[in-house]
Amino acid sequence: MVKAPSSSSPWWTIQRRLARLNKALFSATRGRVGATDFGAPVLLLDHVGRRTGQARTNPLIYLDDAPNLVVVGSKGGTDAHPHWFHNLMAMDSTEVELPGGVRRRVRPRLADGTERDALWSRLVALYRPYATYANRTDRRIPVIVLEPAPGNSGSSASHH
């Protein structure tokens, strides 16, 4: 099994910088730039650091499983879940921004069993590297379903 770069690798520093650039371009253009990653759709996920309390936003590939959105905590197949995953799962609800500047309030939950298996095959079809990532690690890569939260208006985004 070929391992993913360690979390202290310079590769991850570059990835974080690219993610910040993607987030800035996506926000500034309401998704006209930065809304795809190798052909797969991208959303911006808001979350709050569990330890820092700092507001954060990550661009993530997503699967539209209307009315739900589905994201993956792959982190390239490293042996640890991404920080955003832990932050998100500690939250009752949060917001995402979709292409076109549409903001949606969502409630996260972990998919498991047959639901996870069905979503995983669709996710791999959407973004083939997920299969490679799964082969790099012994952890079960989490599949997170973002369900519409009560009071969800699907409003247009204000620029942050």
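These figures come from a predicted structure and were not determined experimentally. (Residues numbered from 1 in each chain as written. Predicted model: local features only at pLDDT ≥ 70, side-chain atom pairs only at ≥ 80, totals over all residues. Heavy atoms only, no water.)

Asks: Help me understand the environment of Gly 39, please; the structure alone is not making it clear to me.
Replies: Residue placement: Gly 39 occurs in the loop between strand S1 (36-37) and strand S2 (40-48). Residue Gly 39 is classed as exposed on the basis of its relative accessible area, which comes to 64%. A C-alpha to C-alpha distance of 9.7 Å links Gly 39 and Ile 61, two positions 22 residues apart in sequence. (Helix = DSSP H or I, 4+ residues; strand = E, 2+ residues; numbered from the N terminus. Buried < 20%, exposed > 50% of the residue type's maximum accessible area, 1.4 Å probe, protein only.)

Asks: How do you make sense of the environment of Val 102 when you look at a structure like this?
Replies: Note on placement: Val 102 falls in strand S7 (residues 102-110). Spatially, the C-alpha atom of Val 102 lies 8.2 Å from that of Arg 30, the residues being 72 residues apart in sequence.

Asks: Just to check I follow, could you spell out helix H3 (residues 113-126) for this structure?
Replies: Residues separated by three or four positions in an α-helix point in the same direction, a consequence of the helix having 3.6 residues per turn. With 14 residues, H3 should reach 20 Å at 1.5 Å per residue; the first-to-last C-alpha distance of 20 Å fits that figure. Turning to H3, its buried residues number three or more, namely Arg 116, Leu 119, Trp 120, Leu 123 and Val 124. Summarising the axial view, the buried residues of H3 lie within an arc of 140°, below the 170-degree limit, and thus occupy one face. Turned more than 90 degrees off the buried face of H3, the exposed positions are Thr 114 and Ala 125. Packing partners of the buried residues in H3 comprise strand S4 (63-65), strand S5 (68-72), helix H4 (129-135) and strand S8 (143-148). (Expected span 1.5 Å × (residues − 1). Arc of directions from axis to C-beta. Contact = heavy atoms within 4.5 Å.)

Asks: Would you mind going over the environment of Ile 141 with me for this structure?
Replies: Along the polypeptide, Ile 141 turns up in the loop between H4 and S8. By relative accessible area, Ile 141 is classed as buried at 2%. Between the C-alpha atom of Ile 141 and that of Thr 78, which follows or precedes it by 63 residues, the distance is 9.5 Å. Apart from the residues lying within four places of it in its own chain, the contact partners of Ile 141 are Val 72, Gly 73, Ser 74, Arg 116, Trp 120, Tyr 133 and Ala 134.

Asks: Honestly, the nonpolar core in this entry has me stumped. Any pointers?
Replies: As a rule of thumb, soluble globular proteins bury nonpolar side chains together. Counting residues in hydrophobic clusters, the biggest one holds 17 residues, and the most contacted among them are Leu 119, Trp 120, Leu 123, Tyr 130 and Val 143. Looking at this core, the elements that each hand over two or more residues are S2, S5, H3, H4 and S8. For Leu 123, the residues in contact, after removing those within four places along its chain, are Leu 63, Val 70, Val 72, Tyr 130 and Val 143. If you look at the next biggest cluster of nonpolar residues, it comprises 14 residues, including Val 71, Trp 84, Leu 88 and Val 106. (Core = buried A, V, L, I, M, F, W, Y, C linked by side-chain atoms within 4.5 Å.)

Asks: I tried to follow the side chain of Asn 87 on my own but got confused; where do I start?
Replies: Mapping Asn 87 onto the fold places it in helix H2 (residues 83-89). Residue classification places Asn 87 among the buried residues on the basis of a relative accessible area of 6%. Excluding residues within four positions of it along the chain, Asn 87 makes contact with His 47, Val 48, Gly 49, Arg 50 and Arg 56.

Asks: Quick question: what am I supposed to make of the pattern of salt bridges here?
Replies: Should their charged atoms come close, side chains of opposite charge can pair. For the structure on display, the rule yields 9 salt bridges. In this structure, Arg 107 and Glu 147 form a salt bridge, with 3.8 Å as the shortest nitrogen-oxygen distance. In this pair, Arg 107 sits in strand S7 while Glu 147 sits in strand S8, placing the two residues 40 residues apart along the sequence. Classification of Arg 107 by relative accessible area gives partly exposed; the value is 34%. Linking Arg 109 and Glu 147 is a salt bridge whose minimum nitrogen-to-oxygen distance equals 2.5 Å. Placement of the pair is Arg 109 in strand S7 and Glu 147 in strand S8, with a sequence separation of 38 residues. Judged by relative accessible area, Arg 109 falls into the partly exposed class, the value being 26%. Look at the salt bridges and you will find they share partners, linking Asp 46, Glu 95, Glu 97, Arg 103 and Arg 105 into a network. (Salt bridge = Lys/Arg side-chain N within 4 Å of Asp/Glu carboxyl O.)

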